[in-house]
Amino acid sequence: MQLRLMSQSYGWSDQKFRDQLLFALRGEALMFASNLPLIATQNTPSLLRAMEQRFGQCLLAETHRANLYNLRKQSKENLQQYSARVSHLMSRAYPGMQGTGVYENLAIEHLLRGLPDQKLAYEILTKKPRDLSDAIDMITWHEACRQYTTKSNGIRQVEWSEDEDSEQDHQSDSELPSSDVRRVNGRKMVTEERITQLWRDMQKYLSQQMDKIVNINGEEDTQTEKPFSSTNRAQRREGPPVCYYCNEKGHISTNCLKKQADKQKQKNQENEEGLC
């Protein structure tokens, strides 16, 4: 391209253009041209055809169309770099269609399809941009407006994985109201109001659980009864309690005087045997 512009500016002849092209070759291109037949190097169309066949694009247009359909914007890639990749593949996938309305519509479609935020892509598509540069300006304006509203409305970003396939560790949009979750620059945001409400609910729940623990273990809670105590078993029976040790009525085995006396007697005998 540069040699053609210089040839047009300085009025070079066909031989002058061919000689300047050969002088500009370096490395592998120079080795390839030096091995061409003399007839090919002395004829400009033949030289350009041979160079194009060796160093030109060897992939079919269908291959570039497939790559264009699967093109996605990378996380570390800015919008200008992404649009340049779209333009490059469009020129290879649809050669000779530049400047037509169908070409511009296809470029906009592929640009919006590869955006991570498809809601933003839908908003841009409804505005019907004229060409690729117009669509880029709209996307840039929407992103700037979202960043401004994010700072104004007090939205706090929550840790969110970049991997879109890991859905087990994160809460989906359907589990929270749309007013509490927003998407900014492809990331999910939670409002300050929602975080504050969750904190209050957690404090309220912990307070209720602590009250239950105090009521169970506190001595002042006289209405709470131990369901498996001996006193409650005796009260549920009809009539006075019966001692399991001496089979007398009116007391239980824990308060049995005969049981206590037998234990003391046994203890005294063991002490006497130890002295002997």
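Nothing here was measured: the structure is a model prediction, and the numbers come from that model.

Looking at this structure, I do not really get the packing of helix 2 (residues 14–24) against helix 5 (residues 44–55). What am I missing?
Packed helix pairs are characterised by how far apart their axes lie and by the angle those axes make with each other. Closest axis-to-axis distance for the helix 2/helix 5 pair is 10 Å, and the angle between their directions is 30°. One finds that helix 2 runs roughly parallel with respect to helix 5. In this structure, helix 2 meets helix 5 at a crossing whose hand is left-handed. Here Asp 14, Phe 17, Arg 18, Leu 21 and Leu 22 of helix 2 lie close against helix 5, whose contacting residues are Thr 44, Leu 47 and Leu 48. Residues of the contact of helix 2 with helix 5, tallied by class, amount to five nonpolar, one polar and two charged.

Would you explain the packing of aromatic side chains in this entry?
Centre distance and the angle of the planes are the two values used to describe a pair of aromatic rings. Tallied over the entire structure, the rule returns two aromatic pairs. With a centroid separation of 6.2 Å and 20° between ring planes, the pair formed by Tyr 10 and Trp 12 is classed as stacked. If you follow Lys 16 out to its NZ or CZ, it ends over the ring of Trp 12, 5.8 Å from the centre. For Arg 54, the ring lying beneath its charged end belongs to Phe 55, and the centroid distance is 4.5 Å.

Just to check I follow, could you spell out the pattern of salt bridges for this structure?
Between side chains of opposite charge, a pair can form as their charged atoms come close. Under the definition given, this model contains five salt bridges. Between Asp 14 and Arg 18 there is a salt bridge whose closest N-O contact spans 3.7 Å. Taken together, the positions of Asp 14 and Arg 18, both in helix 2 and four residues apart, correspond to about one turn of that helix. What makes Asp 14 partly exposed here is its relative accessible area of 46%. Under the relative-accessibility criterion, Arg 18 is labelled buried at 10%. With a shortest N-O distance of 2.8 Å, Glu 109 and Arg 113 are connected by a salt bridge. Here the residue Glu 109 and the residue Arg 113 both occupy positions in helix 8 (residues 101–113), the gap between them amounting to four residues, near one helical turn. On the basis of relative accessible area, Glu 109 is assigned to the partly exposed category, the value being 39%. Overall, the relative accessible area of 22% leaves Arg 113 in the partly exposed class.

Is there a simple way to explain helix 9 (residues 118–126) in this structure?
Each full turn of the α-helix corresponds to 3.6 residues, which orients residues three or four apart in the same direction. Those residues of helix 9 that fall on the buried side of the exposure criterion are Leu 120, Ala 121 and Ile 124. Down the axis of helix 9, the smallest arc covering the buried residues is 100°, so these residues share one side. Among the exposed residues of helix 9, those pointing more than 90 degrees away from its buried face are Lys 119, Tyr 122 and Leu 125. One side-chain oxygen at the N-terminal end of helix 9 lies 3.2 Å from the backbone nitrogen of Lys 119; it belongs to Asp 117. Once helix 9 ends, the next one or two residues include Lys 128, with phi positive near 55°.

Explanation requested: helix 2 in the structure shown.
Those residues of helix 2 lying buried are Phe 17, Arg 18 and Leu 21. The buried residues of helix 2 occupy one face: seen down the axis, they fall within an arc of 100°. Against helix 1 (2–10), helix 4 (38–41) and helix 5 lie the buried residues of helix 2.

Before we go on, may I ask you to explain the nonpolar core in this structure?
Nonpolar side chains tend toward joint burial in soluble globular proteins. Of all hydrophobic cores here, the largest spans 24 residues; its most connected members are Met 90, Leu 111 and Ile 139. Elements with a minimum of two residues in this core: helix 7 (79–93), helix 8, helix 9 and helix 10 (132–152). In contact with Met 90, not counting residues within four places along its chain, are Leu 68, Tyr 103, Leu 106, Ala 107 and His 110. In terms of nonpolar packing, the next biggest core, distinct from the first, is built from 12 residues, Phe 17, Leu 25, Ala 33 and Leu 47 among them.

I keep staring at the confidence of the model for the protein and nothing clicks. Help me out?
Should pLDDT be low for a region, the predicted coordinates there are not to be read in detail. When pLDDT is averaged along the protein, the result is 77, and 74% of the positions lie at 70 or above. Scored below 50 in pLDDT, residues 152–174 makes 29 contacts in the model with residues more than four places away or belonging to other chains. Within the model, the stretch residues 219–228 combines pLDDT values under 50 with nine contacts to residues more than four positions away or in other chains.

How do you make sense of the environment of Ala 33 when you look at a structure like this?
Mapped onto the fold, Ala 33 is located in helix 3 (residues 27–34). Ala 33 gets classed as buried once you look at its relative accessible area, which sits at 5%. Between the C-alpha atom of Ala 33 and that of Leu 22, which follows or precedes it by 11 residues, the distance is 7.8 Å. With sequence-adjacent residues up to four places away left out, Ala 33 is seen in contact with Leu 22, Leu 25 and Thr 41.

What counts and what doesn't
- Residues numbered from 1 in each chain as written.
- Predicted model: local features only at pLDDT ≥ 70, side-chain atom pairs only at ≥ 80, totals over all residues.
- Heavy atoms only, no water.
- Axes fitted to C-alpha atoms, helices over the stretch in contact; angles between N-to-C directions.
- Helix = DSSP H or I, 4+ residues; strand = E, 2+ residues; numbered from the N terminus.
- Parallel < 35°, antiparallel > 145°, perpendicular 65-115°, else oblique.
- Left-handed = near helix turned anticlockwise from the far one by under 90°.
- Contact = heavy atoms within 4.5 Å.
- Nonpolar A, V, L, I, M, F, W, Y, C, P; charged D, E, K, R; others polar.
- Phe/Tyr/Trp six-rings, centres within 6.5 Å; stacked < 30°, edge-to-face > 60°.
- Lys NZ or Arg CZ within 6 Å of the ring centre and 35° of its normal.
- Salt bridge = Lys/Arg side-chain N within 4 Å of Asp/Glu carboxyl O.
- Buried < 20%, exposed > 50% of the residue type's maximum accessible area, 1.4 Å probe, protein only.
- Arc of directions from axis to C-beta.
- Polar contact = N/O pair within 3.5 Å; in protein donor to acceptor, adjacent residues only side chain to side chain.
- Core = buried A, V, L, I, M, F, W, Y, C linked by side-chain atoms within 4.5 Å.
- pLDDT = per-residue confidence, 0-100.

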